Amino acid sequence: MREVREDAGEGVPLAEAEIVVSAGRGMKGPEHWGPVEELAAILGAATACSRPVSDIGWRPHHEHVGQTGLTVRPNLYIAIGISGAIQHLAGVNGSKTIVVINKDPEAPFFKAADYGIVGDAFEILPRVIAGAKAFAASR
Ligand SMILES: Cc1cc2nc3c(=O)[nH]c(=O)nc-3n(C[C@H](O)[C@H](O)[C@H](O)COP(=O)(O)OP(=O)(O)OC[C@H]3O[C@@H](n4cnc5c(N)ncnc54)[C@H](O)[C@@H]3O)c2cc1C
């Protein structure tokens, strides 16, 4: 029998990942996923996405988490530009720690977040990446 793995590209398999970096429609287009992938690579994380993102074809379907996608329970789930609709939360609310980056302070995801950053992902992500790189270099 052939084993089929839900592998997140070249990186860590999403279903087994201890850290997941996930992004949604707030990223505006597939051409903006570079920083999402870079942060995931620094953290040794898998990448994931919201359903509309995979429906539009910005990301592969195996990255879609939520009610109709994969359920994940990582130690750390970082949600970037994802509103936090109940159908998305259904697949991620077993995560130990949830960090949300969203420019809308009223985004529902903040209610489920352990840590939240209100701001434009295009400004916040480079700073998070710089911090993660500095931390990785210091170890
Ligand atoms: C039956 C059913 C099943 C579903 N199953 C799923 C499922 O399994 N998984 C799933 O994810 N969805 C599912 N959905 C869809 C779900 O209801 C939401 O529509 C979807 O999760 C929204 O995706 P999103 O947050 O990426 O996009 P949006 O709702 O468009 O939210 C984008 C977010 O990005 C923020 N944003 C915009 N620009 C920026 C910026 N520059 N910086 C930071 N933040 C920014 C906005 O403030 C907003 O909160 C399902 C729906 C139905 C009806």
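This text follows the structure it describes.
Our subject in this report is the structure included herewith.

Conventions used here
Residues numbered from 1 in each chain as written. Predicted model: local features only at pLDDT ≥ 70, side-chain atom pairs only at ≥ 80, totals over all residues. Heavy atoms only, no water. Near = heavy atom within 4 Å. Polar contact = N/O pair within 3.5 Å; in protein donor to acceptor, adjacent residues only side chain to side chain. Areas by Shrake-Rupley, 256 points an atom, 1.4 Å probe, with all protein chains shown as cover. Nonpolar A, V, L, I, M, F, W, Y, C, P; charged D, E, K, R; others polar. Pairing = 2+ DSSP bridges. Helix = DSSP H or I, 4+ residues; strand = E, 2+ residues; numbered from the N terminus. Axes fitted to C-alpha atoms, helices over the stretch in contact; angles between N-to-C directions. Buried < 20%, exposed > 50% of the residue type's maximum accessible area, 1.4 Å probe, protein only.

Structural notes on the site of the ligand
As a matter of local geometry, the ligand sits amid 26 residues, with S50, S83, Q87, N102 and A121 nearest to it. Backbone polar atom of R25 to an oxygen atom of the ligand: 2.8 Å apart, as the coordinates give it. A total of 990 Å² of accessible area belongs to the ligand in isolation, and the protein chains cover 77% of it. Looking at side-chain class alone, the shell around the ligand contains six nonpolar, 14 polar and six charged residues.

Notes on the sheet that holds strand β3 (residues 76–80)
Here five strands make up an open sheet; going across it, the order is β2-β1-β3-β4-β5 and the pairing parallel. In the strand order of this sheet, the two ends are held by β2 (46–49) and β5 (115–118), each with one partner. Averaged over all pairs of adjacent strands, the angle between their axes in this sheet comes to 15 degrees, without regard to strand direction. Looking at chain direction, strand β4 (residues 97–102) and β5 are connected through four bridges and run parallel.

A few points about the pairing of β2
On β2, burial covers both faces: A46 and A48 on one face and T47 and C49 on the other are all buried. Sheet analysis places strand β1 (residues 19–23) next to β2, joined by four bridges and oriented parallel. By the bridge assignment for β2, V20 is matched with A46.

Notes on unusual backbone geometry
At K28, a position not held by glycine, the phi torsion is positive, near 70 degrees. Looking at the secondary structure, you find K28 in the loop between β1 and α1 (34–43).

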